[in-house]
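Residue-level listing of the chains:
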Amino acid sequence: MTTTTNTEAHGPHGYSSRKSDHLKRLRRIEGQVRGLQRMVDEDTYCIDILTQVSASTKALQSFALALLEEHLRHCVAAAAEHGGAELDAKVAEAGAAISRLLRS
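Description of the structure in this document. Since this is a predicted model, take the numbers as computed values, not measurements.

## What to know about the overall build of the protein chain
Okay, so step 1: Helices and strands together make up the secondary structure of the protein chain, namely four helices and zero strands.
Okay, so step 2: Listed by position from the N terminus, the elements making up the protein chain come as α-α-α-α.
Okay, so step 3: Considering only contacts in the protein chain between residues 6 or more positions apart, those separated by 24 or more positions represent 48%.
Okay, so step 4: Working note: accessible area of the protein chain is about 7700 Å², and carbon and sulfur atoms make up 57% of it.

## Side note on the packing of helix 3 (residues 46-82) against helix 4 (residues 84-103)
In a packed pair of helices, the relevant descriptors are the angle between the two axes and the axis-to-axis distance.
Okay, so step 1: Across the interface, helix 3 lies against helix 4 with an axial gap of 8 Å and an inter-helix angle of 165°. As the angle between them shows, helix 3 and helix 4 are arranged roughly antiparallel. Relative to helix 4, helix 3 is oriented so that their crossing is left-handed. The residues of helix 4 that touch helix 3, namely those facing Ala 64, Leu 68, His 71, Leu 72, Cys 75, Val 76, Ala 79, Ala 80 and His 82, are Gly 84, Glu 86, Leu 87, Lys 90, Val 91, Glu 93, Ala 94, Ile 98 and Leu 101.
Okay, so step 2: For the contact of helix 3 with helix 4, a count of residues per class yields 12 nonpolar, three polar and three charged.

## Observations concerning helix 2 (residues 19-41)
Okay, so step 1: With 23 residues, helix 2 should cover 33 Å at 1.5 Å per step; its first-to-last C-alpha distance of 33 Å lies within 8% of that length.
Okay, so step 2: Buried within helix 2 are the following residues: His 22, Ile 29, Gly 35, Leu 36 and Met 39.
Okay, so step 3: Summarising the contacts, the buried residues of helix 2 are in contact with helix 3.
Okay, so step 4: Looking at the residues trailing helix 2, positive phi occurs at Asp 43, about 55°.

## Re a nonpolar patch on the surface
Okay, so step 1: Side chains of Leu 23, Leu 26 and Leu 60 sit close together on the surface and give an oily, nonpolar patch of about 220 Å² of accessible area.
Okay, so step 2: Here Leu 26 lies in helix 2.

## Section: the pattern of salt bridges
Okay, so step 1: Taken as a whole and assessed by the stated rule, the structure comprises five salt bridges.
Okay, so step 2: As a salt-bridge pair, Glu 30 and Arg 34 come within 3.0 Å of each other at their nearest N and O atoms. Of the two residues, Glu 30 and Arg 34 both sit in helix 2, four residues apart, roughly one turn of that helix.
Okay, so step 3: Classification of Arg 34 by relative accessible area gives partly exposed; the value is 46%.
Okay, so step 4: In this structure, Glu 93 engages Lys 90 in a salt bridge whose closest nitrogen and oxygen atoms are separated by 3.5 Å. Of the two residues, Glu 93 and Lys 90 both sit in helix 4, three residues apart, roughly one turn of that helix.
Okay, so step 5: Each of Arg 18, Asp 21 and Glu 70 takes part in salt bridges that share partners, so that together they form one network.

Rules used in this analysis
Residues numbered from 1 in each chain as written. Predicted model: local features only at pLDDT ≥ 70, side-chain atom pairs only at ≥ 80, totals over all residues. Heavy atoms only, no water. Helix = DSSP H or I, 4+ residues; strand = E, 2+ residues; numbered from the N terminus. Contact = heavy atoms within 4.5 Å. Areas by Shrake-Rupley, 256 points an atom, 1.4 Å probe, with all protein chains shown as cover. Axes fitted to C-alpha atoms, helices over the stretch in contact; angles between N-to-C directions. Parallel < 35°, antiparallel > 145°, perpendicular 65-115°, else oblique. Left-handed = near helix turned anticlockwise from the far one by under 90°. Nonpolar A, V, L, I, M, F, W, Y, C, P; charged D, E, K, R; others polar. Expected span 1.5 Å × (residues − 1). Buried < 20%, exposed > 50% of the residue type's maximum accessible area, 1.4 Å probe, protein only. Patch = residues over 30% accessible without salt bridge, like charges linked within 9 Å, V, L, I, M, F, W, Y side chains within 5 Å. Salt bridge = Lys/Arg side-chain N within 4 Å of Asp/Glu carboxyl O.

In structure tokens form, the structure reads like this:
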């Protein structure tokens, strides 16, 4: 029995052309979070840590918005070509993702 990955089932993702840029960005964010760990370990002043938390949160939100835009341009646009239930599903999926982003 063979399994199908998301890429095989749905084709290349909207972010695929910028994958290396996204990975670099996520590595920077990872470094920011590790910096937070160091700051706590070194008993850094709490306001300075909160400032870094804010910067890390903003970086993740910016990444999420870029990914959402690529999803809309690629996945939702491709579904729009087919219309019907596929389009409805992609729009609902994007709406749910936006809702999760707004709650975070």
